[in-house]
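Each chain, letter by letter, is given below.
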Number of protein chains: 2
Amino acid sequence: MFTSISPPAAQPPAPPSRRELNKAATRQAISDSTLGLLRSAGPGNFTVEDIAESAGISRRTFFNYFSSTEAAIASVTHGFLDTALEQFRLRPADEPILESARAALVELADPMTVAPMAELFSLTQASPLLARSELEAWDHCTEQIIAAARERAARNPAVDMDGDMDELYLRSLAGSVISCGKAAMEVWFSRCGTDLSAESLAILRQLLIDSMALLGSGFAASAPQHPDSPASQPLQSDSPAPHSSERS
Amino acid sequence: MFTSISPPAAQPPAPPSRRELNKAATRQAISDSTLGLLRSAGPGNFTVEDIAESAGISRRTFFNYFSSTEAAIASVTHGFLDTALEQFRLRPADEPILESARAALVELADPMTVAPMAELFSLTQASPLLARSELEAWDHCTEQIIAAARERAARNPAVDMDGDMDELYLRSLAGSVISCGKAAMEVWFSRCGTDLSAESLAILRQLLIDSMALLGSGFAASAPQHPDSPASQPLQSDSPAPHSSERS
DNA sequence: GTGCAAAGATGCACGTAGTGTAACTGCGTG
DNA sequence: CACGCAGTTACACTACGTGCATCTTTGCAC
């Protein structure tokens with residue numbers, strides 16, 4: 001993937017200037033140092049000055065990149081959710097949102113992608129100090145999904161956007177999707193910890209699929225009385241997943 | 001509908017001791033002073049010392065009650081969500097969770113209950129500073145719902161709790177319910193602002209009902225193509241709640 | 001009432017978080 | 001090479017949150 005000759009004009013693809021590079025490197029160094037201290041010292045047991053020293057920068061510079069230690073830590077979550085959003089955005093516009101979400105989430109069950117998240121989960125266990133920025137990250141992702149879904153609908157005149165209903169619909173759906181994805185992640189971690197083996201990732205995939213299926217089925221309109229009926233049809237990850245649209 | 005609120009509470013029926021009373025009064029004074037400053041100065045434009053002075057206490061005492069200004073502000077949201085949880089908990093144990101949630105949420109559409117929330121919404125508009133504690137409050141409510149639902153299931157041997165599925169089910173459902181309730185509140189506020197008239201509350205009720213219906217129907221497995229079909233038909237609270245389309 | 005013990009409020013000090021500001025350094029450009 | 005600018009750094013300052021010692025209030029027994 002050589003982006004040929006794109007001097008400094010293109011917006012996203014080719015600004016490999018020295019300054020941008022240094023900035024990215026510094027940002028990464030800060031993030032790494034923060035994670036390192038989180039590992040060695042534990043949450044709440046190190047200061048911004050420690051991070052700065054570890055990253056080889058000044059305390060002031062840290063705040064030029066992140067507004068707080070929590071923000072630096074949450075950059076992991078942001079990166080994780082950004083890949084999900086990326087996947088979501090390049091789904092076909094006429095696809096049901098739930099199906100797009102399912103597809104995007106399943107893409108996350110990849111070693112390189114979940115590894116940082118899994119470690120973050122393990123490091124922030126029983127530490128409400130860090131929960132704040134995490135919640136913010138998920139909430140931010142919700143807003144992004146709303147924006148993406150709205151833009152998708154705008155490009156898709158087939159669905160009539162009744163100005164009255166769409167706002168509630170979009171916000172409810174996006175929030176629920178995020179909540180279910182989060183729930184799947186939480187259950188997965190509580191079950192598999194930081195295990196990144198193929199079986200563990202398969203479980204994660206299935207949990208994500210199941211949570212989306214629960215959402216799509218309206219949670220079976222009741223309690224999970226029949227483990228076979230509501231959402232556990234063993235649909236495997238890469239097969240087309242017919243996804244029978246269950247309308248009422 | 002007078003819920004016959006007797007002066008003391010249920011479990012702690014007789015602790016009107018002087019100490020408890022003073023503590024409650026101080027706590028309320030702090031909360032009031034904080035809200036007052038939020039009104040007069042705006043978010044981020046006053047310090048803990050200002051609150052303490054306004055409440056007639058010392059700065060140190062403030063921190064004996066709240067860990068931060070945000071926490072003091074979020075006490076409003078906590079109170080709001082606590083009433084919802086209270087309603088949820090006294091629903092019959094054999095009722096579907098979604099229906100219980102719907103009933104509990106509709107109870108919130110009461111002037112005395114929503115008034116503080118509505119004002120908080122208006123005061124914290126465009127202020128991400130306060131969003132953190134708000135998110136925490138909603139998240140805390142989610143955990144409470146999970147706990148309540150789990151306890152309910154434990155007392156209801158009819159539903160078999162498959163140890164494998166229930167965790168994902170509970171977390172997904174609870175998170176989705178909260179997300180939808182939140183979405184309804186947000187839409188309501190963006191539409192009605194701090195209007196607490198009967199019509200406005202009817203709209204809120206209907207939004208809450210609609211969001212739960214969306215959830216129960218699996219979001220119609222698609223986009224809201226038919227404004228009449230997806231979620232608005234079955235239940236009307238007590239007023240037709242005329243839907244007026246306004247678009248930006 | 002008086003005395004006592006515990007709970008709570010207060011003042012003080014300390015470390016840390018963020019932020020404004022001005023000086024400084026290295027990269028990009030003419 | 002020199003200039004301009006993005007980015008870094010040092011410094012100062014306000015505010016936050018907490019530990020600790022002290023003082024005041026409350027509850028209780030006598």
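Residues numbered from 1 in each chain as written. Chains lettered and ligands numbered in written order. Predicted model: local features only at pLDDT ≥ 70, side-chain atom pairs only at ≥ 80, totals over all residues. Heavy atoms only, no water.

Remarks on the protein's contact with DNA strand D
So, point 1. Surveying the vicinity of DNA strand D reveals 21 residues, the closest of which are T61(A), Y65(A), R18(B), R19(B) and R60(B).
So, point 2. If you look at DNA strand D and keep only atoms within 4 Å of the protein, 60% of those are sugar or phosphate atoms.
So, point 3. Measuring from a base oxygen of DNA strand D, one finds a side-chain N or O atom of R19(A) at 3.3 Å.
So, point 4. Here R59(B) contributes a side-chain N or O atom positioned 2.9 Å from a base oxygen of DNA strand D.
So, point 5. Listed by contribution, the elements that provide at least two residues to the surface near DNA strand D are α1 (18-41) and α3 (59-65) of chain A together with α1 (18-41) and α3 (59-65) of chain B.
So, point 6. For the surface near DNA strand D, the class distribution of residues is four nonpolar, nine polar and eight charged. (Near = heavy atom within 4 Å. Polar contact = N/O pair within 3.5 Å; in protein donor to acceptor, adjacent residues only side chain to side chain. Helix = DSSP H or I, 4+ residues; strand = E, 2+ residues; numbered from the N terminus. Nonpolar A, V, L, I, M, F, W, Y, C, P; charged D, E, K, R; others polar.)

Overview of helix α9 (residues 198-216) of chain A
So, point 1. The terminal C-alpha atoms of α9(A), which comprises 19 residues, lie 27 Å apart, in line with the 27 Å expected from a rise of 1.5 Å per residue.
So, point 2. Just downstream of α9(A), G218(A) is the residue with a positive phi angle, here 65°. (Expected span 1.5 Å × (residues − 1).)

Thoughts on helix α6 (residues 111-124) of chain A
Residue and element names in this part refer to chain A.
So, point 1. Compared with the 20 Å implied by 1.5 Å per residue over 14 residues, the 20 Å span of α6 between its first and last C-alpha is a close match.
So, point 2. For α6, the complete set of buried residues consists of T113, V114, M117, A118, L120, F121, L123 and T124.
So, point 3. Capping the start of α6 is the job of one residue whose side-chain oxygen sits 3.1 Å from the backbone nitrogen of M112: D110.
So, point 4. Looking at the residues trailing α6, positive phi occurs at A126, about 55°. (Buried < 20%, exposed > 50% of the residue type's maximum accessible area, 1.4 Å probe, protein only.)

Some points on the domain arrangement of chain A
Residues and elements named next belong to chain A.
So, point 1. Here chain A is partitioned into domain 1 (18-66) and domain 2 (70-219).
So, point 2. Distance between the C-alpha centres of domain 1 and domain 2: 27 Å.
So, point 3. Each partner contributes to the interface: domain 1 provides nine residues, whereas domain 2 provides ten residues.
So, point 4. Counting each side, the surface lost to burial between domain 1 and domain 2 is near 850 Å², with a carbon and sulfur contribution of 78%. (Domains from an automatic or database assignment. Contact = heavy atoms within 4.5 Å. Buried area = accessible area lost by both parts, 1.4 Å probe.)

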